[in-house]
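Okay, here's what each chain looks like letter by letter:
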Amino acid sequence: MLTSAQSYRSRFCDLIRTQTGIKLHSGRKEMIEIRLRRRIQALGATDLDGYLVQLFDKGLLDQELPQAIDLLTTNKTDFFREPAHFEILTDRILPEAIGRAAPSALRFKVWSAASSEGAEAFTAAMVLAEATRRHRFTFAVLGTDISRRMIAKANQAIYSAQQLAPVPQALRDRYTMPGRTAAARGTARIVPELRARVRFRHLNLMDAVYPVDHDVDVIFLRNILIYFGPEDQAAVIARLTAHIAPGGYLIVGHAESMIVNHPALRQISPAVFRKE
């Protein structure tokens, strides 16, 4: 029989899964407590169980849940992470789209569906901006994330030198501006011309409907599905596929290739699927 503390933890984990798709194990109290330590302290609780009492018994759930979700999401992001995916973007996906479009009429759309603080979205933008130096087309990049804190950071488009280290020097020179004040020393901001091509907004992949165009050329959803249960994985993939243009692509993390199983998607390389 569950104790009241165990019952609260189980209820909380079920709520997080329903709201975000993330599967937490109620038995992993220490891990959850570490992630939520900042909020536990802010509410004056001594531990996770005391925090959950305040949420469920003292009416704080509605105001606290968005902050708890923000702390429990992974928010892992890197520039040029899994670089082979960006090579496929420039060597195969983009040439195919250019070949289908009328001359100079292509507006290439990329959606980073779990964009965190924006590194993936800006990597795609850099790659596409480089391609416009050789081909005539325009592009737009959308980044969405469940964390409003990450969306705010992505909109600032300011990154440390360590974060930008994977970006080739020529691209750093062209697409970033080093901080000029003492407070900004050691950081750089994405140039305005590139920021104008990228927009960020809040979106929860567990929502039944996504307010996103239905003719997206490439959707990146990498290293997110591994945190979801099978039913939620299938539902998210189905919803995303509806937003991919015919001949467009879904790119997931390498550990997620076996997860993608949709009749409209055909795998063309590790973690890369084309919509037929």
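About the thresholds
- Residues numbered from 1 in each chain as written.
- Predicted model: local features only at pLDDT ≥ 70, side-chain atom pairs only at ≥ 80, totals over all residues.
- Heavy atoms only, no water.
- UniProt positions renumbered as here; feature names shortened; annotations may be inferred.
- Helix = DSSP H or I, 4+ residues; strand = E, 2+ residues; numbered from the N terminus.
- Rg over C-alpha atoms; globule rule 2.2 N^0.38 Å.
- Buried < 20%, exposed > 50% of the residue type's maximum accessible area, 1.4 Å probe, protein only.
- Pairing = 2+ DSSP bridges.
- Axes fitted to C-alpha atoms, helices over the stretch in contact; angles between N-to-C directions.
- 1 Å grid on protein atoms, 1.4 Å probe; cavity = no way out; pocket = protein on both sides within 12 Å on 5 of 7 lines; lining within 4 Å.
- Points joined across faces, edges and corners; volume = space filled by probe spheres on them.
- Nonpolar A, V, L, I, M, F, W, Y, C, P; charged D, E, K, R; others polar.
- Phe/Tyr/Trp six-rings, centres within 6.5 Å; stacked < 30°, edge-to-face > 60°.
- Salt bridge = Lys/Arg side-chain N within 4 Å of Asp/Glu carboxyl O.

Per an unreviewed UniProt entry, the protein goes by Chemotaxis protein methyltransferase and derives from Plastorhodobacter daqingensis. Database annotation for the protein, UniProt heading Function (unreviewed entry): "Methylation of the membrane-bound methyl-accepting chemotaxis proteins (MCP) to form gamma-glutamyl methyl ester residues in MCP."

## Brief notes about the overall build of the protein
In terms of helices and strands, the protein carries 12 helices and 10 strands. In terms of overall dimensions, the protein is globule-like: its C-alpha atoms have a radius of gyration of 20 Å, near the 19 Å expected for 276 residues. Each of the three principal axes of the protein carries a C-alpha extent, and together these read 65 × 55 × 30 Å. Looking at the 276 residues of the protein, the share that counts as buried comes to 50%.

## Section: the sheet that holds strand β4 (residues 176-178)
Read from one edge to the other, the open sheet built from three strands follows the order β3-β5-β4, with strand pairing classed as antiparallel. Each edge of the sheet is formed by a strand with only one pairing partner; in this case those strands are β3 (158-160) and β4. Here the strands of the sheet are splayed against their neighbours by 35° on average, with no regard to which way each runs.

## Examining the layout of surface pockets
There is about 190 Å³ of room inside the second largest pocket. In terms of lining, the second largest pocket is formed by Gln19, Leu65, Pro66, Ile69, Asp70, Ile146, Ser147, Arg148, Arg149, His202 and Asn204. Secondary-structure elements contributing two or more residues to the lining of the second largest pocket are α5 (61-72) and α8 (148-156). By residue number, the principal contributor to the lining of the second largest pocket is α5, which donates four residues. In the lining of the second largest pocket, the residues fall into four nonpolar, four polar and three charged.

## Concerning the packing of aromatic side chains
In this description, an aromatic ring pair is defined by two values, namely the gap between the centres and the angle between the planes. Within this structure, the stated rule accounts for eight aromatic pairs. Ring geometry for phenylalanine 122 and tyrosine 159: centres 6.3 Å apart, planes at 75°, overall edge-to-face. One end of the pair, phenylalanine 122, is in helix α7 (residues 119-131); the other, tyrosine 159, is in strand β3, and 37 residues separate them in sequence. Neither phenylalanine 122 nor tyrosine 159 differs from the other in exposure class; each is buried.

## A short note on the pattern of salt bridges
Applying the stated criterion across every chain, the model contains 14 salt bridges. Residue aspartate 49 pairs with arginine 9 through a salt bridge whose shortest N-O separation is 2.8 Å. With aspartate 49 in helix α4 (residues 48-57) and arginine 9 in helix α1 (residues 4-20), this residue pair connects regions lying 40 residues apart in the sequence. Judged by its relative accessible area of 15%, aspartate 49 is buried. Arginine 274 is the salt-bridge partner of glutamate 276, the closest N and O atoms lying 3.5 Å from each other. Relative accessible area serves as the criterion here: at 18%, arginine 274 is assigned to the buried category. Here the residues in one salt-bridge network are Arg92, Glu96, Arg266, Arg274 and Glu276, joined through shared partners.

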